[in-house]
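# Notes for the structure review
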Amino acid sequence: GAGVSQSPSNKVTEKGKDVELRCDPISGHTALYWYRQSLGQGLEFLIYFQGNSAPDKSGLPSDRFSAERTGGSVSTLTIQRTQQEDSAVYLCASRGANNEQFFGPGTRLTVL
Amino acid sequence: QQQVKQSPQSLIVQKGGIPIINCAYENTAFDYFPWYQQFPGKGPALLIAIRPDVSEKKEGRFTISFNKSAKQFSLHIMDSQPGDSATYFCAAKAAGNKLTFGGGTRVLVKP
């Protein structure tokens, strides 16, 4: 595809359940980022993957959050034992040779 | 140290007016300052970006002004149109290519 894609676009879950959010970056982009955007707020950095290097996990808010990137392409963000405060839009971005980060449309997560 | 403060939170202008959005930062290690435009239900899209060795950059109707000594930068939208109504985010990047975002400004351009 031409851009970053994310799935699902919307996810409603019950408190305590685990969720997985998927990101397909732009082909050939070596860097991939996850951000969280709460209602009416700015974007909060979560985690960053660059090539084969160890990911920068410094933005993950708790150990319930984890992410992996398989084969240097698709990434999955997993939230275990979801809480209501996890409700937000989760955005993925990929970056190529220059500094520009291209964002996907996001996954809107609602925890009931 | 990593914060980027953005103001105002919202802005209403008439068509043809010039919305101005301001951002301030503390971390002198920031070396790249992009602005993103976000429409409802969409991800942010890069609008224009500047490096600290430049004081002004124009792309179409969008202009960034950068004041390195004051650690401030701003976005001006010239001849604003209703289609410019969106939320605008400033951001800053230091080493590691992580972007630190401002809180966003919701701009409404009235016809």
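As a convention, each chain's residues are numbered from 1 in the sequence order in which they are written. Lettering of chains starts at A and numbering of ligands starts at 1, both following the order in which they are written. Local features in a predicted model are, by the rule used here, given only for residues with pLDDT of at least 70; side-chain atom pairs are given and counted only at 80 or more, and totals for whole chains, interfaces and linings are based on all residues. With hydrogens and water stripped out, all remaining heavy atoms of the structure feed into the side-chain values.

### A look at a nonpolar patch on the surface
For patch detection, residues must exceed 30% relative accessible area and be free of salt bridges, and they are connected within 9 Å for like charges or within 5 Å for nonpolar side chains (Val, Leu, Ile, Met, Phe, Trp, Tyr). To be clear on the numbers: accessible area is Shrake-Rupley with a 1.4 Å probe, and residue cover counts the displayed protein chains and nothing else. Salt bridge, as used here: a side-chain nitrogen of Lys or Arg that lies within 4 Å of a carboxyl oxygen of Asp or Glu. On the surface, B:Ile18, B:Ile20 and B:Met78 cluster together to form a nonpolar patch covering roughly 240 Å² of accessible area. Within the secondary structure layout, B:Met78 lies in the loop between strand E8 (72–77) and strand E9 (86–93). Secondary structure is summarised from DSSP: a helix means a run of H or I of at least four residues, a strand means a run of E of at least two, and numbering begins at the N terminus for each.

### As for the sheet that holds strand E7 (residues 75–79) of chain A
All names here are of chain A. An order of E1-E3-E7-E6 is seen for the 4 strands of this open sheet, with the pairing classed as antiparallel. Edge positions in the sheet fall to strand E1 (5–7) and strand E6 (65–69), since each has one partner strand and no second. In this sheet, neighbouring strand axes are inclined to one another by 15° on average, regardless of whether the strands run parallel or antiparallel. Strands are treated as partners if at least two bridges between them are detected by DSSP. Of the strand pairs in this sheet, E1 and strand E3 (residues 19–24) are connected by 3 bridges, and their pairing is antiparallel. Considered in E3, the bridge of Ser5 is made with Asp24. The axes used here are C-alpha line fits, helices contributing only the stretch in contact, and every angle between their N-to-C directions lies in the interval 0 to 180 degrees.

### A few points about the state of the cysteines
Any two cysteine sulfur atoms within 2.5 Å of one another count as a disulfide. For the coordinates displayed, the defined rule picks out 2 disulfides over all chains. For A:Cys23, the disulfide goes to A:Cys92, at an S-S distance of 1.8 Å. Disulfide A:Cys23 to A:Cys92: torsion about the S-S bond roughly -60°, handedness left-handed. On the criterion of sequence distance, the pair formed by A:Cys23 in strand E3 and A:Cys92 in strand E8 (residues 88–95) is long-range, its members being 69 residues apart. Each of the two residues, A:Cys23 as well as A:Cys92, counts as buried. Note on cysteine connectivity: B:Cys23 is disulfide-linked to B:Cys90, with sulfurs 1.9 Å apart. Between B:Cys23 and B:Cys90 the disulfide shows an S-S torsion of about -95°. By sign, it is left-handed. Of the two residues, B:Cys23 is situated in strand E3 (residues 20–25) and B:Cys90 in strand E9; the sequence distance between them amounts to 67 residues. Take B:Cys23 and B:Cys90: they sit in the same class, and that class is buried. Note on classification: 1.4 Å probe, protein chains only; a residue is buried when its accessible area is under 20% of the maximum for its type, exposed when over 50%, partly exposed between these limits.

### Quick word on the interface of chain A and chain B
Every contact between the two is made by 19 residues of chain A and, on the other side, 18 residues of chain B. Once two parts are joined, some of their accessible surface, as seen by a 1.4 Å probe, is lost; buried area is that loss totalled over both. Three residues, A:Leu43, A:Asn99 and A:Phe103, lead the burial of chain A against chain B; their summed loss comes to 35% of the area buried on that side. Linking chain A with chain B are 1 salt bridge. Here B:Lys98 makes a salt bridge to A:Asp56, at a shortest N to O gap of 3.4 Å. Any N or O atom pair separated by 3.5 Å or less is treated as a polar contact, with the protein-specific requirement of one donor-capable and one acceptor-capable atom, and with residues adjacent in sequence counted only for side-chain atom pairs. Where chain A meets chain B, there are 4 residue pairs in polar contact (both at pLDDT 80 or more). Elements with a minimum of two residues in the side of chain A that touches chain B: strand E4 (31–37), strand E5 (43–50), E8 and strand E9 (101–103) of chain A. Split into classes, the residues belonging to the side of chain A that touches chain B amount to 8 nonpolar, 8 polar and 3 charged. Only heavy atoms matter for contacts: two residues are in contact if any of them lie within 4.5 Å across the pair. Classification used: nonpolar for Ala, Val, Leu, Ile, Met, Phe, Trp, Tyr, Cys and Pro, charged for Asp, Glu, Lys and Arg, polar for all others including Gly.

### So, unusual backbone geometry
The peptide bond linking A:Ser7 to A:Pro8 adopts the cis configuration, its omega dihedral lying at -10°. Structurally, A:Pro8 is set in the loop between E1 and strand E2 (10–13). Residue B:Pro8 is bonded to the preceding B:Ser7 through a cis peptide linkage, with omega at -5°. Residue placement: B:Pro8 occurs in the loop between strand E1 (4–7) and strand E2 (10–14). At A:Arg81, a position not held by glycine, the phi torsion is positive, near 50°. With respect to the helices, strands and loops of the structure, A:Arg81 is situated in the loop between E7 and E8. Judged by its relative accessible area of 41%, A:Arg81 is partly exposed. Of note, the phi angle at B:Asp79 is positive, near 45°, even though the residue is not glycine. Assignment of secondary structure puts B:Asp79 in the loop between E8 and E9.

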